[in-house]
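# Structure assessment
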Amino acid sequence: MRVVDINEMKEIEKVAIEEYGFTESLIIENVGTRGADFIEDSILEELDYVGEIVLLVGRGNNAADGLAISRNLVNRGHRVRAFILFPDDDQSSEEQQKQVHLAKSYGVRINEVKNINQVQSYFEETQDSYVVIDAVLGTGFKLPLSQYLFELFNCVNNSKSITIAVDIPSGITANIGAKSSVAISADFTLAIGLPKTGHYIDEGARHSGQVLTLDVGFPKALISGGDKALLTSDVIGHTFGARNKFAHKNTFGHTLVVGGSPGLTGACIMASNGALKVGTGLVTAATWKESYYELTGRSLPEVMTGLIPSSAKDKESIINELDRYDAVVIGPGLGVNETSRDIVIELLSQFAGPVVVDADAIKVLDLSKDSELLHTRKYPTIFTPHMGEFAKFTGASVDEVLQRPIDYLKEVVDRTNSCFIMKGPCSFLGFPNGNVFINYYPNDGMATGGSGDVLAGILGGLLAQNPLDRNQSGIFMDKTMLYQAICLGVGAHTVAGKIAAKKYGVRAMTATSIIEHLSDAFQELNEDDIY
Ligand SMILES: NC(=O)C1=CN([C@@H]2O[C@H](COP(=O)(O)OP(=O)(O)OC[C@H]3O[C@@H](n4cnc5c(N)ncnc54)[C@H](OP(=O)(O)O)[C@@H]3O)[C@@H](O)[C@H]2O)[C@@H](O)CC1
Ligand SMILES: Nc1ncnc2c1ncn2[C@@H]1O[C@H](COP(=O)(O)OP(=O)(O)O)[C@@H](O)[C@H]1O
Ligand SMILES: [K+]
C-alpha cells in the first residue's frame, strides 16, 4: 500500500479532477458511504449497545467528510448528534456548508457550539455515548492549536468513547505527525484514498490507532506507484525460491558476526543465533581476545568462533580470512573506541560482500567523514540504526531528525549509497533506488535489550544465502533481490516478535524469544515448504 505526503495527495486529487473529471463532491460522497460501511460493519456491529454517535465538526473538507459519513449512518437507522464547532464562522468551506445542510435534512441532530462547556457537559451527562467521529481538522491543519480546540480535545480524550478520526486525528500534522499541545487520540483512523506519512511518524503514530484506508474511487493509475509504501506481506511475498534439497551447507552461505566486548558478549551471541535461525549454512562469531572464552562458553554449539585482531594491521585473524564469508554483521556489543573504528573501516574496505553495520559499528562511523568510503564501496552496506544512532551518525539531533525523518533517511541513503533501516516502533527502510518502506507494527514487547541484535543477525543470515549473484567483477547484479531480502528480514523479525508477544505476553517476551519464533514467522510469511 502506497503512503503519500500532502503534496503527493494534492497532486493525485488535482489530476483526478482535471484529467479524469472526478469532483470533490464525488470524493466526499464516497467517503460518506465507505466510511459508514466501515463504522457499521467493524465497530458498531461489535458493540452490545450503540447510543447516540457524536460527530465533531470543524470548518473544512474534513468536516464535510465526517458529515457525509454521519448522514449515511442516520440513513441506516443510527442516531447521530453533530457538534458544529464554528457555527458563526463565514470561513467554512463550501463543501462543509453543503454537507451541514444535507445532514440536517437527513435527520442528523445539529448542536451549534457557542461555548465549549456545551460539549463538556454533554460528555459528562450522557452515559450512552460510545462512539465519537472526529472531523474537526484534517490535512489542512496548521500548528498551533487554539485554546478552544485544546479544551475540546482534552475533553474527548478523557471520555471513554471509541474515537474514529476522519483522515487524520485532529491536531496531528499530516506530513510529519507533529502535534502542538494535544491531539485527538483515535482508536481508528479512516485514511482517505491513501495513508499519509504523518500516520506513522512520532505523535502521529501514537494518536492514529488502527489506520484503515478508504478506497474513495481515485483512479488506480494515480494511487499506485510512488516512492513510499507500507511493508506488508505482499511486498515480502515469496522472496526466496524453494531451497534445494540436495544442497550442502556452503550453498546456504557463511555469516560472520563481529562484536561482543567484555560484558556485551550476549549481543554478539544473539546476532549469531538470529543468523543461524534463518537458514544460513554456517555462522562464525568473532570477538575480542578478552571476551573470547565467555563467547565460546555461551554460544550455541552450531556457532563457530574466531578472534577480532587487536589492531586492524594484525592479519593473523578473521581479517585475513574474509573470503571464507558470504556476509558480515559488525557491531553488536563491539565497543566504541579507536580500534573498533579501525576494524569497522578495514572490514568495509576489504570484505567483498554485504555488510550489516549495527549498534557500536554505527557509533564509530560518521556521515561526513565516511560517506566517501561508503559511497564507493562496491558491495551492499546495510545500516540498522535506531533513531538515536541515526541522529548521531548524521550529526543532527533526534528532534531535528523527527522533524523530517523520511527526508533525512533519503539524504543519508543517497550520500552513502547504502541501505538504511531507521528502527523504532515504526521502522523506515531506505534503499538506494529511492524507495522507502514503512514497517508499522507497534509491539512494546520488542522494546527489550537485544531485539536489534537479533535483527542484525537475521539480515546477515539472509544476505549470506546469495540472494545476489556476483558477476566476475564482483559487482552485485540484481539490487531488487537485495532489497527484498532486507524486507523479508525486517518482516520475519516483526512477525516473530508478534508471535512471541502472543505466547509470552509483552512483559515476559525477550529478544531470545524472537529467535525462538522465527520458524513460526517464516511459516506465517509462507516461506517454508510443508514437506
Ligand atoms: N485527497 C484527499 O485526501 C481528500 C481529502 N479530503 C478531506 O479534506 C480534508 C482537508 O480539507 P481542508 O483542506 O479543507 O482542511 P481541513 O483539514 O478540513 O481543515 C481546514 C480548516 O481548519 C482550519 N484550521 C487549520 N488549522 C487550524 C488550527 N490550528 N486551529 C483551528 N482551525 C484550524 C483552517 O483554517 P485556515 O487555515 O483556512 O484559516 C480551515 O478552515 C482532508 O483531511 C480530508 O478529510 C476530501 O474531502 C477531498 C480529497
Ligand atoms: N515499541 C516497539 N514496537 C515495535 N518494534 C519495536 C518497538 N521498540 C523497539 N522495536 C524494535 O526492536 C528493535 C530494537 O533495536 P535496538 O534499539 O537496536 O535494540 P538493542 O540495541 O537492544 O538490540 C528494532 O528492530 C525496533 O524496530
Ligand atoms: K480529523
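- The protein is annotated in an unreviewed UniProt entry as Bifunctional NAD(P)H-hydrate repair enzyme of Halobacteriovorax marinus.
- The annotation that UniProt attaches to the protein under Subunit (unreviewed entry) is "Homotetramer."

## Topic: unusual backbone geometry
- For the peptide bond that leads from Leu143 to Pro144, omega is 0°, which places it in the cis range.
- Relative to the helices and strands, Pro144 is located in the loop between β4 (131-135) and α6 (147-158).
- Even without a glycine there, the phi angle at Asp167 is positive, about 70°.
- Relative to the helices and strands, Asp167 is located in the loop between β5 (162-166) and β6 (188-192).
- In this structure Asp167 comes out as buried when scored by C-beta crowding, with 28 C-beta atoms within 10 Å.

## Notes on the UniProt feature "binding site: AMP" (unreviewed entry) in the protein
- Within this numbering scheme, the UniProt entry marks Lys423, Gly424, Pro425, Cys426, Ser427 and Gly452 as carrying the feature "binding site: AMP" (unreviewed entry). Annotated residues spanning 30 residues; largest pairwise C-alpha distance 13.3 Å, indicating a single compact cluster.
- Tracing the chain through its elements places Pro425 in the loop between β15 (419-422) and β16 (426-430).
- Filtering out sequence-adjacent residues up to four positions away, Pro425 remains in contact with Ala205 and Pro442.
- If you trace the backbone, Ser427 turns up in strand β16.
- When residues no more than four places from it in sequence are discounted, the contact partners of Ser427 are Ile421, Met422, Asn439 and Val490.

## Looking at the site of ligand 2
- For ligand 2, the set of nearby residues contains 17 residues, the closest of which are Lys423, Pro425, Met446, Ala447 and Gly452.
- The dominant element in the shell around ligand 2, judged by the number of residues it contributes, is helix α18 (residues 451-463), at four residues.

## Some points on the pairing of β16
- Across the five residues of β16, five count as buried, placing the element largely inside the fold.
- The two faces of β16 match: Cys426, Phe428 and Gly430 on one face and Ser427 and Leu429 on the other face are all buried.
- Bridging between β15 and β16 involves three bridges; their strand directions are antiparallel. Residue Phe420 lies in a different strand from β16, and its bridge partner there is Gly430.
- In this antiparallel pair of consecutive strands, β15 and β16, the connection spans three residues.
- As consecutive antiparallel partners, β16 and strand β17 (residues 436-440) are separated by five residues, and within that stretch Gly434 has a phi angle of approximately 95°, a positive value.

## Quick word on the environment of Ser272
- Tracing the sequence through the fold places Ser272 in helix α10 (residues 265-276).
- Classification of Ser272 by C-beta neighbours within 10 Å gives buried; the count is 32.
- Sequence separation between Ser272 and Gly497 is 225 residues, and the spatial gap between their C-alpha atoms is 17 Å.

## Some words on the domain arrangement of the protein
- When its domains are assigned, the protein resolves into domain 1 (6-226) and domain 2 (251-494).
- For domain 1 and domain 2, the distance between their C-alpha centres works out to 43 Å.
- Between domain 1 and domain 2, the residue contacts involve six residues of the former and 10 residues of the latter.
- Across the side of domain 1 that touches domain 2, the residue classes tally to four nonpolar, one polar and one charged.

## Examining the UniProt feature "binding site: K(+)" (unreviewed entry) in the protein
- Those residues carrying the UniProt feature "binding site: K(+)" (unreviewed entry) are Asn62, Asp134 and Ser170 in this numbering. On the basis of their most widely separated C-alpha atoms, the annotated residues across 109 residues gather in one place, lying no more than 9.5 Å apart.
- Judged by local crowding, Asn62 falls into the buried class, with 28 C-beta atoms found within 10 Å.
- Ignoring any residue separated from it by four or fewer positions in sequence, one finds Asn62 in contact with Ala135, Leu137, Gly138, Gly140, Val166 and Asp167.
- Within the secondary structure, Ser170 sits in the loop between β5 and β6.
- By C-beta crowding, Ser170 is classed as buried, having 28 other C-beta atoms within 10 Å.
- Once you skip the residues sitting within four places of it in the chain, Ser170 turns out to touch Asp134, Val136, Leu137, Phe141, Phe153, Ala165, Ala183 and Ile184.

## Describing helix α3 (residues 61-75)
- Between its terminal C-alpha atoms α3 stretches 21 Å, which fits the 21 Å expected from 15 residues at 1.5 Å a residue.
- α3 sits mainly inside the fold: 13 of its 15 residues count as buried.
- Phi for Gly77, located one or two positions after α3, is positive at around 100°.

## As for the sheet that holds strand β12 (residues 327-330)
- Read across the open sheet, the 10 strands follow the order β8-β17-β16-β15-β14-β13-β12-β9-β10-β11; overall the sheet is mixed. With partners counted over all chains shown, the strands left at the sheet margins are β8 (228-230) and β11 (304-307), one partner each. Taken over all neighbouring pairs, the strand axes of this sheet differ in orientation by 20° on average, direction set aside.
- Alignment of strand β9 (residues 254-258) against strand β10 (residues 282-287), held across five bridges, turns out to be parallel. Along β10, the bridge assignment pairs Val258 with Ala286.

## Re the sheet that holds strand β2 (residues 80-84)
- In space, the seven strands of this open sheet follow the order β3-β2-β1-β4-β5-β6-β7, with parallel pairing throughout. A single partner strand is all that each edge strand has here, and the edge strands are β3 (109-112) and β7 (210-214). Strand-to-strand, the axes of this sheet are offset by a mean angle of 20°, without reference to chain direction.
- One ladder, built from four bridges, connects strand β1 (residues 53-57) with β4; its direction is parallel. Its bridge partner lying in β4, Leu55 is registered against Ile133.
- Helix α2 (residues 24-43) rests against β4, β5, β6 and β7 of the sheet, and its axis sits at about 140° to β7.

About the cut-offs
Residues numbered from 1 in each chain as written. Chains lettered and ligands numbered in written order. Predicted model: local features only at pLDDT ≥ 70, side-chain atom pairs only at ≥ 80, totals over all residues. UniProt positions renumbered as here; feature names shortened; annotations may be inferred. Helix = DSSP H or I, 4+ residues; strand = E, 2+ residues; numbered from the N terminus. Buried ≥ 20, exposed ≤ 12 C-beta atoms within 10 Å, placed from the backbone. Contact = placed C-beta atoms within 7 Å. Near = placed C-beta within 6 Å. Pairing = 2+ DSSP bridges. Domains from an automatic or database assignment. Nonpolar A, V, L, I, M, F, W, Y, C, P; charged D, E, K, R; others polar. Expected span 1.5 Å × (residues − 1). Axes fitted to C-alpha atoms, helices over the stretch in contact; angles between N-to-C directions.

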